Amino acid sequence: MNKIGLVLEGGAMRGMYTAGVLDVFLDYKIKVDGIIGVSAGVLFGCNYISRQRGRALRYNLKYLNDKRYISLKSYLKTGNIINKQFAFYELPQKLDVFDNNKFKKAKTKFYATVTNVETGKPEYLQIKDSIKDIEIFRATSAMPFLSKIVEINHKKYLDGAIADSIPIKQCQKMGYDKIIVILTRPITYRRKKPKKILAKLYYKKYPKFANAFNTRYLRYNKTVEDIIELEKNKEIFVVRPTISYPIKRLEKNPQKLQEMYDLGVKDAKMAIEKLKRYLEV
């Protein structure tokens, strides 16, 4: 019996693509044994486990331009451009309720990638309860420069994508022999070298994190090449955007969110029969 793993790349609002793909997976009853996600991959991927089709798109369209959700006002007032209280507490517990009971009962293991600010290394934290473990959701998606450091069990964390943007190797280490990877960038995309001085100055108390930030592009580009090779050898199955769609990380145009989601739906439907064959072998 194959042990099926699912890797979800982040990318803030580019994650609407992932939401679209996962909703199609729900429609076609694609089941996995474990998920390891990063940032938006975790925030939107949890709805796949709770089986709440359309939820990620719904609440983002509704609250996209609500200043309580993502705004400069929140950043100036709290140090977090994504408002902690609204986005991680009020919204999932009151306004568009996340089905935590179904999430807890699910057999699928769910891991979030975080970057340890003091070591600059990735860690993979299991989420078993969306309420008790809500700070893990915050940590994996805490964007550098735009978010405060999140502390969990006396450790300091930021965005998991800095240390491990696409945790394919970790998924392999965990023993998954059939791996599905959902990317939010087309096959031609490669990260560019950043201006190193920014991270060095801003995170001067955390030089290892600054170094991780400045070398992220090297790890990302190498991982993309590895994924292409693994895909060519039919060792993994990849769903990625078939076109390059212009959408900002903190996109405020609801039409673009809808179109990114629709692209995910379209690409997933095109890939679904090949995916089924891959999982059956």
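Summarised in this report is the structure supplied together with it. Starting from 1, residues in each chain are numbered consecutively following that chain's sequence as written. Selection of residues for local features in this predicted model requires a pLDDT of at least 70, selection of side-chain atom pairs for listing and counting requires 80 or more, and totals for whole chains, interfaces and linings are taken over all residues. Computation of side-chain values: all heavy atoms of the structure, hydrogens and water removed.

Observations regarding the side chain of Arg-216
- Secondary structure elements follow DSSP: runs of H or I of four or more residues count as helices, runs of E of two or more count as strands, with numbering from the N terminus. Within the fold, Arg-216 resides in helix 10 (residues 207–232).
- Relative accessible area decides the class of each residue, using a 1.4 Å probe on protein chains only: under 20% of the type maximum gives buried, over 50% gives exposed, and in between gives partly exposed. Charged-residue counts in this description rest on Lys and Arg as positive and Asp and Glu as negative, His and the chain ends being excluded. Definition used for salt bridges: Asp or Glu carboxyl oxygen within 4 Å of a side-chain nitrogen of Lys or Arg. Nearest to the buried, unbridged Arg-216 among oppositely charged side chains is Asp-159, at 5.5 Å.
- Two residues qualify as a contact provided that any one of their heavy atoms is within 4.5 Å of a heavy atom in the partner residue. Arg-216 has contacts with Ala-161, Ile-162, Ser-165 and Arg-191, leaving out every residue within four places of it along the chain.

Considering the pairing of strand 4 (residues 122–126)
- In strand 4, alternate side chains face the same way, and those of Glu-123 and Leu-125 are buried while those of Pro-122, Tyr-124 and Gln-126 on the opposite face are not.
- As judged from the 5 bridges shared by strand 3 (residues 109–116) and strand 4, these two strands associate in the antiparallel manner. Directly across from Tyr-111, in strand 4, lies its bridge partner Gln-126. Pairing between two strands requires that DSSP report at least two bridges joining them.

Describing helix 1 (residues 15–27)
- The length a helix should cover is 1.5 Å for every residue beyond the first. Over its 13 residues, helix 1 runs 19 Å from end to end, which matches the ideal 18 Å to within 8%, given 1.5 Å per residue.
- For helix 1, the buried fraction is high: 12 of the 13 residues fall into the buried class.
- Against strand 1 (4–8), helix 2 (40–49), helix 3 (55–63), strand 7 (178–182), strand 8 (236–239) and helix 11 (254–280) lie the buried residues of helix 1.
- Trailing helix 1 by a residue or two, Lys-29 shows a phi angle of about 55°, which is positive.

A word on helix 10
- With 26 residues, helix 10 ought to run about 38 Å at 1.5 Å a step, and its terminal C-alpha atoms sit 38 Å apart, in line with that.
- Thr-215 marks where helix 10 bends most, by close to 50°.
- Lys-234 sits one or two residues past helix 10 and shows a positive phi near 60°. Values of bend correspond, residue by residue, to the angle between axes fitted over the seven residues ending at that residue and the seven starting there.

Focus: a nonpolar patch on the surface
- Together, Ile-197, Leu-198 and Leu-201 make up an exposed nonpolar region whose accessible area comes to about 320 Å².
- In this structure, Leu-201 sits in helix 9 (residues 196–202).
- With relative accessibility at 56%, the residue Leu-201 sits in the exposed group. Only residues above 30% relative accessible area that lack a salt bridge enter a patch, with like-charged residues linked at up to 9 Å and the nonpolar side chains Val, Leu, Ile, Met, Phe, Trp and Tyr linked at up to 5 Å. The Shrake-Rupley method, run with a 1.4 Å probe sphere, supplies the accessible areas, and residue values consider only the shown protein chains as cover.

Focus: the side chain of Ser-39
- Considering the arrangement of structural elements, one finds Ser-39 in the loop between strand 2 (34–38) and helix 2.
- Accessibility expressed as a relative area gives 5% for Ser-39, which makes it buried.
- In this structure, Ser-39 is in contact with Gly-10, Thr-140, Ser-141 and Asp-159, ignoring residues within four places of it in sequence.

Remarks on the pattern of salt bridges
- Counted by the stated rule, this structure contains 12 salt bridges.
- We note a salt bridge from Asp-96 to Arg-58, for which the minimum N-O separation is 2.8 Å. With Asp-96 in the loop between helix 5 (84–95) and helix 6 (100–105) and Arg-58 in helix 3, the pair connects residues that are 38 residues apart, well separated along the chain.
- Overall, the relative accessible area of 10% leaves Asp-96 in the buried class.
- On the accessibility criterion, Arg-58 (42% relative accessible area) is partly exposed.
- A salt bridge links Glu-225 to Arg-190; the shortest N-O distance between them is 2.9 Å.

Re a positive patch on the surface
- Charged groups are reduced to one reference atom each: NZ for lysine, CZ for arginine, CG for aspartic acid, CD for glutamic acid. A cluster of basic residues, Lys-29, Lys-31, Arg-51, Lys-102 and Lys-107, forms a positive patch on the protein surface.
- Residue Lys-31 is classed as exposed on the basis of its relative accessible area, which comes to 62%.

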